[in-house]
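Residues per chain are reported as follows:
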Amino acid sequence: MMTASPNFFTSTDQTAEHFYAQMLLIRHTEQQFLQLFAQGKLNGTVHTCIGQEASAVAVVNALDLQRDVIFSNHRAHGHFLAYCGDVEGLLAEVLGREGGVCGGIGGTQHLYTRNFYTNGIQGGIAPCAVGAALAEKMQGSGAIATVFLGDGTMGQGVVYESMNIAALWGVPILFVLEDNGIAQTTPKQQEHAGDLTTRAQTFGIQTFTADSFDPLALHATAVAAVGMVRQQQCPAFLAVSCYRLGPHSKGDDTRSAEEIAMIEQRDPLRHLELQLDPQQLRQIQQAVEERVRLAVEQVLERPLVATNTTGLTIGRGEE
Ligand SMILES: Cc1ncc(C[n+]2csc(CCOP(=O)(O)OP(=O)(O)O)c2C)c(N)n1
């Protein structure tokens with residue numbers, strides 16, 4: 001029986017087996033969030049990356065996790081778990097319980113641990129990430145920064161101001177576009193003119209493109225992009241084509257059943273399953289289920305953290 005130790009899920013082995021385990025850990029954890037919300041045990045909101053786990057795992061594993069800086073957005077759980085594998089810390093944070101990574105008062109959209117930061121203001125993280133990358137460059141640390149942006153967020157002007165300065169000043173930052181084709185309920189085609197993958201080229205920023213359906217191929221592209229940023233001390237743009245399988249946050253999915261069925265066919269987890277032998281697959285699935293089940297059980301026994309004068313738990317995000 002494969003052990004469900006945290007190390008297994010944060011192993012830096014770049015194999016189908018470990019990518020699958022990390023992606024499945026993200027999926028199970030987020031499915032728990034939706035279930036806990038339905039049971040009234042989780043307040044506020046959560047945005048799951050169900051369907052998009054490959055992007056988180058492939059890109060984060062291309063970074064130097066000892067020194068690189070990551071900025072994520074409202075859909076951050078996958079990036080967080082790929083970075084540190086701290087299921088209990090995340091669960092406790094989102095559930096407002098003691099032992100959360102931010103003391104249980106930041107909630108789903110305000111996660112912070114070591115060099116990992118999130119914020120739900122669309123585009124607001126882009127200049128922060130550029131600033132952090134510039135600081136690393138000035139200190140000569142060799143670290144780079146990465147910022148994850150959705151396709152809807154590419155409509156925010158500050159993203160382009162950030163790209164401009166990053167290119168002008170030679171800032172070592174990787175802009176990652178997670179293009180799931182939809183922003184909340186608005187399809188990309190109704191929001192953006194032109195092609196999002198060519199936007200960064202206007203600033204002379206080299207662009208890499210990849211599809212999340214094949215996580216190992218996506219990882220290889222991410223490694224190339226990260227290598228370029230680090231060696232040449234300049235920005236790069238990685239456009240990842242992916243699909244969101246779940247709703248925007250909880251029950252707000254206006255897409256047709258046909259569209260969801262088509263997206264299920266493109267689920268990267270299924271793609272990796274075909275590469276693993278059935279016994280190995282079962283072992284990983286059991287290990288993940290056990291790890292998440294125990295984490296939920298344990299975290300639900302912890303006390304809730306600080307409340308404000310209205311009696312509501314503070315720091316809970318909204319849509
Ligand atoms: C400045 C700002 N405007 C609006 C919102 C509300 N909001 C939260 S998520 C979201 C859609 C984001 O879409 P996208 O960038 O494509 O990312 P995805 O949700 O698809 O991952 C919006 C409009 C926000 N968080 N910040």
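Residues numbered from 1 in each chain as written. Predicted model: local features only at pLDDT ≥ 70, side-chain atom pairs only at ≥ 80, totals over all residues. Heavy atoms only, no water.

What about the site of the ligand?
- Taken together, 16 residues form the shell around the ligand, and within it His 74, Arg 75, Gly 120, Gly 152 and Thr 153 come nearest.
- Arg 75 has a polar side-chain atom sitting 2.7 Å from an oxygen atom of the ligand.
- Separating an oxygen atom of the ligand from a side-chain N or O atom of Asn 180 is a distance of 2.9 Å.
- The cavity that encloses the ligand is the largest pocket.
- Here the shell around the ligand is composed, by residue class, of 3 nonpolar, 10 polar and 3 charged. (Near = heavy atom within 4 Å. Polar contact = N/O pair within 3.5 Å; in protein donor to acceptor, adjacent residues only side chain to side chain. 1 Å grid on protein atoms, 1.4 Å probe; cavity = no way out; pocket = protein on both sides within 12 Å on 5 of 7 lines; lining within 4 Å. Sits in = over half its atoms within 2 Å of the grid points. Nonpolar A, V, L, I, M, F, W, Y, C, P; charged D, E, K, R; others polar.)

Thoughts on the nonpolar core
- Counting 61 residues, the largest nonpolar core has Tyr 20, Leu 91, Leu 174 and Leu 238 as its most contacted members.
- Of all the elements, helix H2 (residues 16-38) adds the most residues to this core, at 10 residues.
- Membership of the second largest hydrophobic core comes to 25 residues, among which are Val 69, Phe 71, Val 130 and Leu 177. (Core = buried A, V, L, I, M, F, W, Y, C linked by side-chain atoms within 4.5 Å. Buried < 20%, exposed > 50% of the residue type's maximum accessible area, 1.4 Å probe, protein only. Helix = DSSP H or I, 4+ residues; strand = E, 2+ residues; numbered from the N terminus.)

What about the pairing of strand E8 (residues 206-211)?
- Examined bridge by bridge, E8 and strand E9 (residues 236-241) share 6 bridges and lie parallel to one another. Residue pairing for E9: Asp 211 is matched across the bridge by Ser 241.
- For the crossover from E8 across helix H9 (residues 215-232) to E9, the handedness is right-handed. (Pairing = 2+ DSSP bridges. Right-handed = clockwise from strand over helix to strand, strands pointing away.)

With respect to the layout of surface pockets
- By volume, the largest pocket amounts to about 290 Å³.
- Lining the largest pocket are 20 residues; nearest its centre among them are His 74, Gln 122, Thr 153, Ala 183 and His 248.
- Along the lines of polarity and charge, the residues of the lining of the largest pocket split into 2 nonpolar, 13 polar and 5 charged.
- Considered as a void within the structure, the second largest pocket measures approximately 190 Å³ in volume.
- Contributing to the lining of the second largest pocket are 13 residues, with Asn 180, Gly 181, Ile 182, Tyr 243 and Glu 259 lying nearest its centre.
- Class assignment for the residues of the lining of the second largest pocket results in 5 nonpolar, 4 polar and 4 charged. (Points joined across faces, edges and corners; volume = space filled by probe spheres on them.)

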